[in-house]
Amino acid sequence: MDAIRYLLILSAVLFSIGAAGVLIRRNALVIFMCIEIMLNAVNLTFIALSRQLQSLDGQIFVFMVMAVAAAEVAIGLGIIVSIFRHKPTTDVDDVSLLKG
Amino acid sequence: MNIADVQIVSILPQTLLLAAALVVFLADLVWKDRKGIGLLALAGVLATFVATVVMLAGPGVPTFQHMAAADRFALVISLVMSAAAVLAVLVSLDYIVRVDLPAGEYYGLLLLAASGMMFLGAATHLMTLFLSLEILSIALYALAGIRTTDIRAGEAALKYFLLGAFASAFLLYGMALLYGATGTTSLAGIAAAVPSVQTDPMLIAGLALLLIGFAFKVAAVPFHMWTPDVYQGAPSSVTAFMSVGAKAAGFAALVRVLVAVFPTLYAWWVWPVGVLAVLTMTWGNLAALAQGNVKRMLAYSSIAHAGYILVGVAAGEAGVSGVLFYLMAYALMNIGAFAVLIALERAEEDAAGVELERMRGLFHRRPWLAAAMTVFMFSLAGMPPLAGFFGKLYVFSAAVRSGLLVLAIIGVINSVISAYYYLRVVARMALAAPAEEAEPARCPALTIGTGIAAVGTVLLGIYPTWLLNLVQGTLAVLFGG
Amino acid sequence: MTATPLETVLFIAFGAVAIAGALSVILARHAVYSALGMLVNFVALAAMYIMLSAEFLGIAQLIVYAGAIVVLFLFALMLIGGRRPAEQGRLTGGLAAAGSALVVVFLAEIAYLVMRLTGTAGAKGTVTPDVIAQLGHIQLLGATLLLEYILPFELASVLLLVGIVGAVMLARARRQSRQE
């Protein structure tokens, strides 16, 4: 198996682990960590493809994703901390995440 | 690609909004007058509106390298956004003092979100698309949670944030696969490469993931589970802006990607989009029937409207002008309806929105307010000759022209169902007033905002042609130069 | 892209570490262990980036993700009670099974697509590892970023502004509500 396939499958596996974590965990912080794992899996896809396609677009994309992740973490943790002040829990069942 | 390809004028409306946001942030440091800061924000959005109108009248399509283009499609989206932002600021002026929100952050984030939405409408590159989507999403997560004293708002923000970030990951994975399949991240490049790779599995997978991501962002069923709680938990003025702005921006990007980049794969995406449209319309309307809280009912109704717009998207190129018309009509009537709720809302009891019972007797207490609400409800229900009717007419007739008769029929049936819960509000307003009811808020800005929305809804219904001429053939030049 | 035997061994090793890290994020009982699993995952990926001739991003990955982001998570965990067990239980069996099934289907699909990959997908550019080695990764990336990708670059700065303002607003909320 050549390297590009190995890397693409590896990142698909990582992405799926992250997605599974979002679906099975209930702690808001852990769910958020799982989302970070998913974003990182996509970054690996971009870098592997960038090497394969011999273009820098993918790497620039990763650079931007890092900026996005930083801003997301700031906001996300801000929201979680501000909720925690009212109610000492990070369990998303207590904030009824799945109630449509 | 060099710096000479940059025509700064192409991002003028967005830049004006960014500048206004910075002015608002700085003014907030030294100036504690919340109304004054609101007026600064209002000046910023009005300037943006004027700039957009001037650019619409001007010739040519200025582009920013291959990253963004101010084509007519983008400018119409900018027009919708700046109209929505003007109305949102007007209805907020008094409201944020009443519910005690920090003015600088509120208006600043609102303007930044609006600029993100306009960038999304103008994006001609996956990277611009992704970043502007994140600007608007992150600003809206923060705005949804801005009422930090209320745990319900916090929970709504958390739910919105987690599901929004989850959706972003799918969207991003889709973009990565498109990049892998075509070797480029510019929309024009991808569009050029699509015919040669056609049904390459990677391309199809990327398209599917992109579709899932956008379905989350525009709240299409079954990716809607965040919508009711978020729309109900966020402050009403934020809900008004978010339900219109985020939706319009999401649809703008979706239309540009699907219709302009993947026209040759129409047969592949028309059915998923059509199924999404049917599920979204039907579920949104059925759930709205059961709601006793007007704010939550409007949340479900906004899901239903996303479904009608998806019908227009499924119609492909024929549906583009209908979708743009619908977005403008929806902006006016939905923000208008929220403006009336804001006037009725009392800070302590109505944190979760106004109950249907509170609408009772409004015709006797505040006839003009009730008349405006009647216009918005009739328009949302799609009654002629109001804006909402022509919006539906254009998207459904486009669907028929594209051979999607079934979609149009389901859409019409859904409109009939929806009339029930909209008219229920009107009927409740006509009942006799309870004696001890408190007086709704009176505020000049709120009245002006409601008035503009109502007059706009009526005028767009009586003279739909001017907007229709504007939105016709917007896709002729899609990637700028 | 062909890999030397040493590279292959390293790719497989780092890949295994990355998967182990990701699995420990979703399986650990305690959120602090999840955060540490995330750190392991990030570091393994940074190593892979460097092997894929994306040196700058590898270092940025270490500084931004493994440094700042993991530390922020740990701060948040400590702030809201890292000592007590983080959650009472998992999702009900049915939902978790349905979720996992969806994920397995998704993974199978992607794997199938990748195996069917023709190998020459997309038009090739000119930035070969040799060119990168000659000009230097940072020079190339910097020039591309500031000439061709100046608009996304500026948008990223707007995004960070939104993040800063939003986070400050959410965090200083207490004081504001006490003023009344």
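Residues numbered from 1 in each chain as written. Chains lettered and ligands numbered in written order. Predicted model: local features only at pLDDT ≥ 70, side-chain atom pairs only at ≥ 80, totals over all residues. Heavy atoms only, no water.

1. So, the overall build of chain C
Helix and strand content of chain C: eight helices and zero strands. When the helices and strands of chain C are read in sequence order from the N terminus, they spell out α-α-α-α-α-α-α-α. Burial analysis of chain C (180 residues in total) assigns 43% to the buried set. Accessible surface, chain C as shown: approximately 9,100 Å² in total, 73% of it carbon and sulfur. (Helix = DSSP H or I, 4+ residues; strand = E, 2+ residues; numbered from the N terminus. Buried < 20%, exposed > 50% of the residue type's maximum accessible area, 1.4 Å probe, protein only. Areas by Shrake-Rupley, 256 points an atom, 1.4 Å probe, with all protein chains shown as cover.)

2. A closer look at the overall build of chain A
Per the secondary structure count, chain A includes three helices and zero strands. Secondary structure of chain A in N-to-C order comes out as α-α-α. Sorting the 100 residues of chain A into buried and exposed places 82% on the buried side. Within chain A, contacts between residues at least 6 apart in sequence are counted, and of these 62% link residues at least 24 apart. Counting every atom, chain A has about 2,000 Å² of accessible surface; 59% of that belongs to carbon and sulfur. (Contact = heavy atoms within 4.5 Å.)

3. Observations regarding the interface of chain B and chain C
Taken together, the contacts link 43 residues of chain B with 30 residues of chain C. Here chain B and chain C share an interface that buries about 3,100 Å² over both sides, 78% of which is from carbon and sulfur atoms. When the buried surface of chain B facing chain C is broken down by residue, Leu131, Ile135 and Pro201 of chain B rank first, second and third, together holding 16% of it. Counting across the chain B and chain C interface gives zero salt bridges. The interface formed by chain B and chain C includes one residue pair in polar contact (both at pLDDT 80 or more). Within the residue set of the side of chain B that touches chain C, elements represented by two or more residues are α1 (12-30), α4 (103-122), α5 (126-144), α6 (151-182) and α8 (201-217) of chain B. (Buried area = accessible area lost by both parts, 1.4 Å probe. Salt bridge = Lys/Arg side-chain N within 4 Å of Asp/Glu carboxyl O. Polar contact = N/O pair within 3.5 Å; in protein donor to acceptor, adjacent residues only side chain to side chain.)

4. Description of unusual backbone geometry
A cis amide bond links Val221 of chain B with the next residue in sequence, Pro222 of chain B, at an omega value of 5°. Here Pro222 of chain B shows up in the loop between α8 and α9 (227-233). Pro384 of chain B connects to Pro385 of chain B through a cis peptide bond whose omega is 0°. By the secondary structure assignment, Pro385 of chain B is in the loop between α15 (367-381) and α16 (387-401). A positive phi angle, near 60°, is found at Ala219 of chain B, a position not held by glycine. In this structure, Ala219 of chain B sits in the loop between α8 and α9. Although it is not a glycine, Ser53 of chain C sits at a positive phi angle of roughly 50°. Tracing the chain through its elements places Ser53 of chain C in the loop between α2 (31-51) and α3 (55-79).

5. Here we look at the environment of Phe166 of chain B
By the secondary structure assignment, Phe166 of chain B is in helix α6. Judged by its relative accessible area of 9%, Phe166 of chain B is buried. In sequence terms Phe166 of chain B and Val50 of chain B are 116 residues apart; their C-alpha atoms lie 37 Å from each other. In this structure, Phe166 of chain B is in contact with Ala19, Val22, Ile35 and Met38 of chain A together with Phe216 of chain B, ignoring residues within four places of it in sequence.

6. Let's talk about the interface of chain A and chain C
Contact with chain A, which involves 72 residues of that partner, is made by 89 residues of chain C. Regarding the contact of chain A and chain C, the summed buried area is about 7,200 Å², with carbon and sulfur atoms giving 74% of it. Where chain A touches chain C, the interface holds zero salt bridges. On the surface where chain A and chain C come into contact, there are six residue pairs in polar contact (both at pLDDT 80 or more). When residues of the side of chain A that touches chain C are traced back to their parent elements, those giving at least two are α1 (3-24), α2 (28-53) and α3 (57-86) of chain A. Here the element with the most residues in the side of chain A that touches chain C is α3 of chain A; it accounts for 24 residues.

7. Quick notes on helix α2 (residues 34-57) of chain B
Residue and element names in this part refer to chain B. With 24 residues, α2 should reach 34 Å at 1.5 Å per residue; the first-to-last C-alpha distance of 35 Å fits that figure. All of the buried residues along α2 are Gly36, Ile37, Gly38, Ala41, Leu42, Gly44, Val45, Thr48, Ala51, Thr52, Met55 and Leu56. The inward-facing, buried residues of α2 contact α1, α3 (72-98), α4 and α19 (464-471). The backbone nitrogen of Lys35 has a side-chain oxygen 3.2 Å away, supplied by the residue at the start of α2, namely Asp33. (Expected span 1.5 Å × (residues − 1).)

8. Focus: the packing of aromatic side chains
A complete count under the given rule lists 26 aromatic pairs over all chains for this structure. In textbook terms, an aromatic cluster arises when at least three aromatic residues are bridged by ring pairs, as seen for Phe32 of chain A, Tyr141, Tyr160, Phe161, Trp226 and Tyr231 of chain B together with Phe73 of chain C. (Phe/Tyr/Trp six-rings, centres within 6.5 Å; stacked < 30°, edge-to-face > 60°.)

9. Describing the pattern of salt bridges
Residues and elements named next belong to chain B. Applying the stated rule across the entire model yields seven salt bridges over all chains. For Asp229, the salt bridge identified is with Arg296, shortest N-O distance 3.1 Å. Here the residue Asp229 occupies a position in helix α9, and Arg296 occupies one in helix α12 (residues 294-314), the gap between them amounting to 67 residues. Summarising the burial analysis for this pair, Asp229 and Arg296 share the class buried. Here Arg360 makes a salt bridge to Glu357, at a shortest N to O gap of 3.1 Å. Overall, the relative accessible area of 28% leaves Arg360 in the partly exposed class. When salt bridges that share partners are traced, they join Lys159, Asp229 and Arg296 into one network.

10. Structural notes on the environment of Thr15 of chain B
Looking at the element boundaries, Thr15 of chain B is found in helix α1. Residue class for Thr15 of chain B comes out partly exposed when judged on its relative accessible area of 34%.

11. Considering the nonpolar core
With 310 residues, the main nonpolar core has Tyr107, Tyr173, Phe262 and Met359 of chain B as its most contacted residues. At 21 residues, the largest contribution of residues to this core is made by helix α13 (residues 320-344) of chain B. (Core = buried A, V, L, I, M, F, W, Y, C linked by side-chain atoms within 4.5 Å.)

12. Some remarks on the packing of α2 of chain C against α3 of chain C
Residue and element names in this part refer to chain C. Interhelical geometry of α2 versus α3 gives an angle of 175° and a closest axis separation of 8 Å. By the criterion of interaxial angle, the relationship of α2 to α3 is roughly antiparallel. Across the contact of α2 with α3, the residue classes tally to 21 nonpolar, two polar and one charged. (Axes fitted to C-alpha atoms, helices over the stretch in contact; angles between N-to-C directions. Parallel < 35°, antiparallel > 145°, perpendicular 65-115°, else oblique. Nonpolar A, V, L, I, M, F, W, Y, C, P; charged D, E, K, R; others polar.)

13. Some details on the confidence of the model for chain C
Residues and elements named next belong to chain C. Averaged over every residue, the pLDDT of chain C is 81; residues scoring 70 or more account for 81%. Across chain C, α2 holds the top mean pLDDT of 94, while helix α8 (residues 173-178) sits lowest at 48. Across residues 85-90, where pLDDT falls below 50, the model places 17 contacts with residues more than four positions away in sequence or in other chains. Here residues 175-180 scores under 50 on pLDDT; set against residues more than four positions off or in separate chains, the count is five contacts. (pLDDT = per-residue confidence, 0-100.)

14. A look at α2 of chain C
Working note: α-helix, 3.6 residues per turn, so residues spaced by three or four point in the same direction. For α2 of chain C, with 21 residues, the first-to-last C-alpha span of 31 Å sits near the 30 Å given by 1.5 Å per residue. Counting buried residues in α2 of chain C gives 15 out of 21 residues, a clear majority hidden from the surface.

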